[in-house]
Amino acid sequence: MQFRKRVKAPPDIPQASTADVAFLLLIFFISTTVFDVNQALTLILPAKGKEPVKISVRNVARIVVHDKGSITIDGQPIALDKLKQEVAARIAANDKLIVSLETAPKAPYGKMVSALDKIKLAQATRISLGLYTGQETP
């Protein structure tokens, strides 16, 4: 008696439901992903038609980031690493202090962000952001 060898078909993975499985995995990952939402500064904008509030100059610390990246506080040059201590000291001396951070249009973006970080680390709660349009200084 002679036995015949059966020719076996190579195993195949059915591909009919591949798109369905990929779609279900996509839905699963989208629905279970947690997005990191960064905290931002709270902005209090003036109401329309409201008169501007007049603030005494002694209650404002004006910090300017100049075109070349130098930083001044009330016109005096200051190093970035000393900014936190200076702002903290001024806030301790005057609890009504408003920190005004002005940035020149061509100033390095990283310098402005670093200065803002230092101001926030100094526990400043009243921060004003603005555009510096004055002449280039140190």
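See the structure printed just above.
The structure displayed is predicted, hence computed values, not measured ones. (Residues numbered from 1 in each chain as written. Predicted model: local features only at pLDDT ≥ 70, side-chain atom pairs only at ≥ 80, totals over all residues. Heavy atoms only, no water.)

## Remarks on the sheet that holds strand 5 (residues 127–131)
In sheet architecture, strand pairing relies on hydrogen bonds along the backbone and comes in two forms, parallel and antiparallel.
Then comes step 1: If you walk across this open sheet you meet the five strands as 3-2-1-4-5, and the pairing is mixed. Both edges of this open sheet fall to strand 3 (76–77) and strand 5, since each of them pairs with a single strand only.
Then comes step 2: Pairing geometry for strand 1 (residues 60–65) and strand 4 (residues 98–103), over six bridges, is parallel. Looking at the pairing, Ile-63 lines up with Leu-101 of strand 4.
Then comes step 3: Sheet contacts for helix 2 (residues 80–93): strand 1, strand 2 (71–73) and strand 4; angle to strand 2, the most-contacted strand, approximately 15°.
Then comes step 4: Across the sheet, helix 3 (residues 109–121) is in contact with strand 1, strand 2, strand 4 and strand 5; its angle to strand 4 comes to roughly 175°. (Pairing = 2+ DSSP bridges. Helix = DSSP H or I, 4+ residues; strand = E, 2+ residues; numbered from the N terminus. Contact = heavy atoms within 4.5 Å. Axes fitted to C-alpha atoms, helices over the stretch in contact; angles between N-to-C directions.)

## Looking at the pairing of strand 4
Then comes step 1: Counting buried residues along strand 4, six of its six residues qualify, which places the element largely inside the surrounding structure.
Then comes step 2: Of the two faces of strand 4, the one holding Ile-98, Ser-100 and Glu-102 and the one holding Val-99, Leu-101 and Thr-103 are both buried throughout.
Then comes step 3: Of the strand pairs in this sheet, strand 4 and strand 5 are connected by five bridges, and their pairing is parallel. Within strand 5, the residue paired with Thr-103 across the bridge is Leu-131.
Then comes step 4: Chirality of the crossover, the property in question, places the unit of strand 4, helix 3 and strand 5 among those that are right-handed. (Buried < 20%, exposed > 50% of the residue type's maximum accessible area, 1.4 Å probe, protein only. Right-handed = clockwise from strand over helix to strand, strands pointing away.)

## With respect to the packing of helix 2 against helix 3
Then comes step 1: Interhelical geometry of helix 2 versus helix 3 gives an angle of 30° and a closest axis separation of 8 Å. Between helix 2 and helix 3, the interaxial angle falls into the category roughly parallel. Seen along the crossing, helix 2 lies across helix 3 with a hand that is right-handed. For the pair formed by helix 2 and helix 3, the contact residues are Leu-80, Leu-83, Lys-84 and Val-87 on the first element and Ser-114, Ala-115, Lys-118, Ile-119 and Leu-121 on the second.
Then comes step 2: Its residues assigned to classes, the contact of helix 2 with helix 3 comprises six nonpolar, one polar and two charged. (Parallel < 35°, antiparallel > 145°, perpendicular 65-115°, else oblique. Left-handed = near helix turned anticlockwise from the far one by under 90°. Nonpolar A, V, L, I, M, F, W, Y, C, P; charged D, E, K, R; others polar.)

By themselves, these are just geometric observations and shouldn't be taken as functional.
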